[in-house]
Amino acid sequence: MQYRIGDLVTIENKHMGPWQGHVGAIDPDGSIIVRHNLKKYPMHPSGATYVNVKNLDSDVTLVKGSK
């Protein structure tokens, strides 16, 4: 799936999540960086999660597309 900046997504796999956030950046290969609200997820180490293009289908769910 192709994501766009501003899309609302949920990230979850066996190691992390579920965390919800907005796509903040997209690498040329299609990998994404998702920004999280640290008030909602205070235990998140950085406030952002990088998801490799290979893991998008299994780890990322689109909640709402950007306009």
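Residues numbered from 1 in each chain as written. Predicted model: local features only at pLDDT ≥ 70, side-chain atom pairs only at ≥ 80, totals over all residues. Heavy atoms only, no water.

## A look at the side chain of Asp59
Thought 1: In this structure, Asp59 sits in helix α1 (residues 56–59).
Thought 2: With no salt bridge to any partner, buried Asp59 finds its closest opposite charge in Lys14, at an N-O distance of 9.4 Å.
Thought 3: A distance of 3.1 Å separates a polar atom in the side chain of Asp59 from a polar atom in the side chain of Ser58.
Thought 4: Beyond its immediate sequence surroundings of up to four residues, Asp59 is in contact with Thr10, Ile11, Glu12 and Asn13. (Helix = DSSP H or I, 4+ residues; strand = E, 2+ residues; numbered from the N terminus. Buried < 20%, exposed > 50% of the residue type's maximum accessible area, 1.4 Å probe, protein only. Lys, Arg positive; Asp, Glu negative; His and termini not counted. Salt bridge = Lys/Arg side-chain N within 4 Å of Asp/Glu carboxyl O. Polar contact = N/O pair within 3.5 Å; in protein donor to acceptor, adjacent residues only side chain to side chain. Contact = heavy atoms within 4.5 Å.)

## Remarks on the sheet that holds strand β5 (residues 60–64)
Thought 1: The five strands are arranged β4-β3-β2-β1-β5 in an open sheet whose pairing can be described as antiparallel. Across the chains shown, the open sheet's two edge strands, defined by having one partner strand only, are β4 (48–51) and β5. Averaged over all neighbouring strand pairs, the angle between strand axes comes to 40 degrees, with direction disregarded.
Thought 2: Where strand β2 (residues 19–26) lies against strand β3 (residues 32–36), five bridges are found, and the strand directions are antiparallel. The partner of Gly21 across the bridge, within β3, is His36. (Pairing = 2+ DSSP bridges. Axes fitted to C-alpha atoms, helices over the stretch in contact; angles between N-to-C directions.)

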